[in-house]
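Chain by chain, the residues:
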Amino acid sequence: WEYKPGYVLKLLAFYSDLSYLTPGGLTLAQRDADPRAARPATATLPGAVTQKAGIYNRTLQGGVIHEAQFTPRLQHVLSVFGANTHFENPFITNYEARDENTAGFRTYLQWVNDPAQQSAVQWKWLNGAEWQQTSTDIINYGNRAGKRDTVQAADKGKADQYFFFSRFQAIAGNFTFEGAASLNYYGYSYNSNGRTKVNFPPQLMPRLSMSYLFTPLVTGRLTVSRGYSPPATAEVRASDNVINTSLRPETGWNYEAGLRAASRRGRAMLDMAVFYYRMQNAIVRRLHDDGEEFFT
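Residues numbered from 1 in each chain as written. Predicted model: local features only at pLDDT ≥ 70, side-chain atom pairs only at ≥ 80, totals over all residues. Heavy atoms only, no water.

(A) Representation of the overall build of the chain within the structure. From N to C terminus, the chain includes 2 helices and 14 strands. Here the C-alpha atoms of the chain give a radius of gyration of 25 Å, more than 25% beyond the 19 Å that 2.2 N^0.38 yields for 296 residues. With the C-alpha coordinates of the chain rotated into their principal frame, the extents come out at 80 × 45 × 40 Å. When each of the 296 residues of the chain is scored for burial, the buried share is 32%. Of all intrachain contacts in the chain linking residues separated by at least 6 positions in sequence, the fraction that spans at least 24 positions is 60%. On the chain, roughly 18100 Å² of surface is accessible, and the fraction owed to carbon and sulfur atoms is 58%. (Helix = DSSP H or I, 4+ residues; strand = E, 2+ residues; numbered from the N terminus. Rg over C-alpha atoms; globule rule 2.2 N^0.38 Å. Buried < 20%, exposed > 50% of the residue type's maximum accessible area, 1.4 Å probe, protein only. Contact = heavy atoms within 4.5 Å. Areas by Shrake-Rupley, 256 points an atom, 1.4 Å probe, with all protein chains shown as cover.)

This is the structure:
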């Protein structure tokens, strides 16, 4: 809705309802006997069919974006967003129900060179910040043939993250240059037999890239960037109901080169890339003997 020239209000929203069954894993002997079977019962645990093992996830997400073009050179953008997720997982050993609520905002100012001047270098520079918080309410029940039974564990968690970012882009002839960086803060807390709180050190994430237009149909590019990914809620508190405060964020540097070419009439396009990426502190999934998962 452009309520006056240069001032626009946008609404984005979607709803998803997802469900699927999780038959579980088989031993080698069970696979050889019937590779289409679900995980069978044991002397101490029922099977996947009896427990109606599956995933049920209903999510509603939405946001409002306001764009204000103050002058031909200066623009301000503000977005406010939120999400609600109801998640259920009947599992072999328990029945997990999780409700998550997320709220956040993002804002930035963008400057560009004077569009009225025919400058040899076209540039734009934006600076901004983003904040996001997710509250999680998790309860694990006993699973009685796909129905909730007595409460086994209950936790309330909260994850907070915010970061400041800057991005500069310039186009000069056939060259395009881009430099960006963000300073990221992340932490989480749980209320379970007291208060567990973890705050990670601030992380700087730079990105440098360059592309060159060899011909109107062929472009080459180079990129160097650093990635940072803190542990997710479902990794910190996995299905074994243990809050794992030892997990560290995943980090890594990515080096990439690419070439893009198109046919003269635009009927075909080729995009090739070569990259090298080495992750530090990779978070990997492990299983206890009873099939409950944890991460390390």
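(B) Focus on the nonpolar core. Core analysis: the largest hydrophobic core is formed by 8 residues, namely Ala159, Tyr186, Tyr188, Tyr190, Val198, Phe200, Tyr228 and Val236. Breaking this core down by element, the ones donating at least two residues are strand S8 (175-191) and strand S9 (195-215). With 3 residues, S8 is the single largest residue contributor to this core. Not counting residues up to four positions away in its chain, the partners in contact with phenylalanine 200 are Tyr186, Tyr188, Tyr228, Pro230, Pro231, Leu247, Arg248 and Pro249. With 6 residues, the next largest nonpolar core counts Ile65, Tyr108, Leu126 and Phe165 among its residues. (Core = buried A, V, L, I, M, F, W, Y, C linked by side-chain atoms within 4.5 Å.)

(C) Region of interest: the packing of aromatic side chains. Enumeration according to the criterion identifies 16 aromatic pairs in this entry. Centroid distance tyrosine 186 to phenylalanine 200: 6.0 Å. Interplanar angle 15°. Geometry classified as stacked. Here the residue tyrosine 186 occupies a position in strand S8, and phenylalanine 200 occupies one in strand S9, the gap between them amounting to 14 residues. Ring pairs connect the aromatic residues Trp1, Tyr3, Tyr7 and Phe70, which therefore count as one cluster. Stacked on the ring of tyrosine 7, the Lys or Arg lysine 4 has its end atom at 4.5 Å from the ring centre. For the cation-ring pair, arginine 98 lies above phenylalanine 87, with the distance from its terminal atom to the ring centre recorded as 4.6 Å. (Phe/Tyr/Trp six-rings, centres within 6.5 Å; stacked < 30°, edge-to-face > 60°. Lys NZ or Arg CZ within 6 Å of the ring centre and 35° of its normal.)

(D) Quick look at the sheet that holds S9. With antiparallel pairing, the 12 strands of this open sheet are ordered in space as S1-S2-S3-S4-S5-S6-S7-S8-S9-S10-S11-S12. Since the sheet does not close on itself, it has two edges, and those belong to strand S1 (2-4) and strand S12 (269-280), each with one partner. Between one strand axis and the next, the sheet turns by 10° as a mean value, whatever way the strands run. The pairing of strand S6 (residues 121-144) with strand S7 (residues 147-172) spans 23 bridges and is classified as antiparallel. Looking at S7, one finds that asparagine 127 is bridged to serine 166. (Pairing = 2+ DSSP bridges. Axes fitted to C-alpha atoms, helices over the stretch in contact; angles between N-to-C directions.)

(E) Up close: the side chain of asparagine 254. In this structure, asparagine 254 sits in strand S11 (residues 250-262). Relative accessible area serves as the criterion here: at 14%, asparagine 254 is assigned to the buried category. Of the polar contacts made by the side chain of asparagine 254, one reaches the side chain of glutamate 256; its length is 3.4 Å. In this structure, asparagine 254 is in contact with Thr223, Val224, Ser225, Phe275, Tyr276 and Tyr277, ignoring residues within four places of it in sequence. (Polar contact = N/O pair within 3.5 Å; in protein donor to acceptor, adjacent residues only side chain to side chain.)

(F) Spatial organisation of the pattern of salt bridges. According to the stated counting rule, one finds 15 salt bridges in the structure shown. Put simply, arginine 207 and glutamate 178 hold a salt bridge, and the shortest N to O gap is 2.6 Å. Here arginine 207, found in strand S9, pairs with glutamate 178, found in strand S8; they are 29 residues apart in sequence, far enough to count as distant. On the accessibility criterion, glutamate 178 (14% relative accessible area) is buried. Each of Arg221, Glu256, Arg260 and Asp271 takes part in salt bridges that share partners, so that together they form one network. (Salt bridge = Lys/Arg side-chain N within 4 Å of Asp/Glu carboxyl O.)

This is a description of form; function is not addressed.
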